Amino acid sequence: MTKREIQIEDSWKTILLDEFEKDYFKKIKDFLKEEIHSGKTIYPPGKEIFNAFYKTPFDDVKIVIIGQDPYHGPGQAMGLSFSVPQGIKIPASLKRIYAEMKRDVAFDPPLHGDLSLWAEQGVFLLNAMLTVEKGNPGSHSKIGWQDFTDSVIKAISDNKENIVFMLWGNFAKNKKQLIDSNKHHILESAHPSPLAGNAFQGCAHFSKANKILKNLGQKEINWQL
C-alpha cells in the first residue's frame, strides 16, 4: 500500500497528512504487505481501501455513518460502510436499513446494495477498520486502523460544524467521545443487524438528518439509489 496506490481526495490528504507519517500507519502498511506476500486475501482490493475518502471529499462531508469492519466475503467489500457493489447479494443489515428508509422517507429499495450515490452527496461511509482478511471478520481490528479512523472522526469534529453523525450500535456509539456535541448533531440507535431484532426500525435517522440539513440551509440528501 504505497502512497501512489492510495486513492484519496486532495482535501483529505491535507487534513490527514500527519497521520500518514506516523509510526502506527507505517506499521499498518507493513502488516498488509506481509499478509499479501504470505498469500492471504485482503478485502477490499487495494485501490478501494480508501474509497470513502475518494468518493466524499473532506470539504463535502455532511453526514457520517460509522461501520465496524469491511465485509469479509468475496466481492463484497468496496471501501464504503454497509455498501456492496452492484451484482452482489444485499447483506442482511443493509436490507434492514432499506426497510427503515422505506418507512421513514418513502424510499424505494433497489435491487442492489451500492451506496455510492450517498457518498457522492456528502454521506461519509466510514468503517472503523479499513481492511479485513477473507473469511475472518474482525481480523484487522488490532493492527492500528482504529487509531487512524479515530483521528479521522476527530478531524471532522474539530475542523467542521453541524455534521450529522449516525451512530448505530454500541461500537459506533463508543465513538461519541471523539465528537464535539456542542457543534455537531449526534443520532443514536441500535445496529441494523438482525442480531438486534427490530430495534433499528423506527429510528427515522434519514428524515431527521435531512431536516437538520434543511434547517441549516443545506441541500438535503436524495436517499434514493
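The structure we're discussing is the one just above.
Everything in this summary refers to the structure shown in the same document.

Details of the packing of aromatic side chains
Then step 1. Counting across every chain of the model gives 22 aromatic pairs.
Then step 2. Ring geometry for W12 and F53: centres 4.9 Å apart, planes at 75°, overall edge-to-face. Of this pair, W12 sits in helix α1 (residues 10-20) while F53 sits in helix α3 (residues 51-55); the two residues are 41 residues apart in sequence, bridging distant segments of the chain. Here the two residues W12 and F53 agree in accessibility, since each one is buried.
Then step 3. A centroid spacing of 5.9 Å and a plane angle of 50° characterise the contact between F53 and F148, whose relative ring orientation is tilted.

Here we look at the nonpolar core
Then step 1. Core analysis: the biggest nonpolar cluster contains 65 residues, and W12, F53, I63, F124, W145, F148 and W223 have the highest contact counts within it.
Then step 2. Setting aside its immediate chain neighbours within four residues, W223 contacts I63, M101, V105, F107, W118, V123, M166, F206, A209 and N210.

Some details on the pattern of salt bridges
Then step 1. By the definition in use, this model includes 8 salt bridges.
Then step 2. For K55, the salt bridge identified is with E120, shortest N-O distance 3.9 Å. Note that K55 is positioned in helix α3 and E120 in the loop between α5 (116-119) and β3 (123-127), a separation of 65 residues in sequence.
Then step 3. Take K55: its relative accessible area is 25%, and that puts it in the partly exposed class.
Then step 4. Overall, E120 belongs to the partly exposed group, its relative accessible area being 48%.
Then step 5. Of the charged contacts, one joins K154 and D158 as a salt bridge, the two residues approaching to 2.9 Å between their closest N and O atoms. Linking K154 with D158, this pair stays in helix α6 (residues 145-159), spanning 4 residues, or about one helical turn.

Points about the side chain of D104
Then step 1. For D104, the position within the fold is in helix α4 (residues 92-105).
Then step 2. Despite its burial, D104 pairs with no opposite charge, the nearest such side chain being R103 at 4.2 Å.
Then step 3. Residues in contact with D104, not counting those within four places in the same chain, are A204, H205, F206 and S207.

So, α4
Then step 1. Taking 1.5 Å as the rise per residue, α4 with 14 residues should run 20 Å; its terminal C-alpha atoms sit 20 Å apart, in good agreement.
Then step 2. Along α4, the positions that sit buried rather than exposed are S93, L94, I97, Y98, E100, M101 and D104. Projected onto a plane normal to the axis of α4, the buried residues spread over an arc of 165° and lie on a single side.
Then step 3. For α4, the elements touching its buried residues are α5, β5 (164-168) and α8 (205-215).
Then step 4. Just beyond α4, the residue with positive phi is A106, at close to 55°.

The rules we used
- Residues numbered from 1 in each chain as written.
- Predicted model: local features only at pLDDT ≥ 70, side-chain atom pairs only at ≥ 80, totals over all residues.
- Heavy atoms only, no water.
- Phe/Tyr/Trp six-rings, centres within 6.5 Å; stacked < 30°, edge-to-face > 60°.
- Helix = DSSP H or I, 4+ residues; strand = E, 2+ residues; numbered from the N terminus.
- Buried < 20%, exposed > 50% of the residue type's maximum accessible area, 1.4 Å probe, protein only.
- Core = buried A, V, L, I, M, F, W, Y, C linked by side-chain atoms within 4.5 Å.
- Contact = heavy atoms within 4.5 Å.
- Salt bridge = Lys/Arg side-chain N within 4 Å of Asp/Glu carboxyl O.
- Lys, Arg positive; Asp, Glu negative; His and termini not counted.
- Expected span 1.5 Å × (residues − 1).
- Arc of directions from axis to C-beta.

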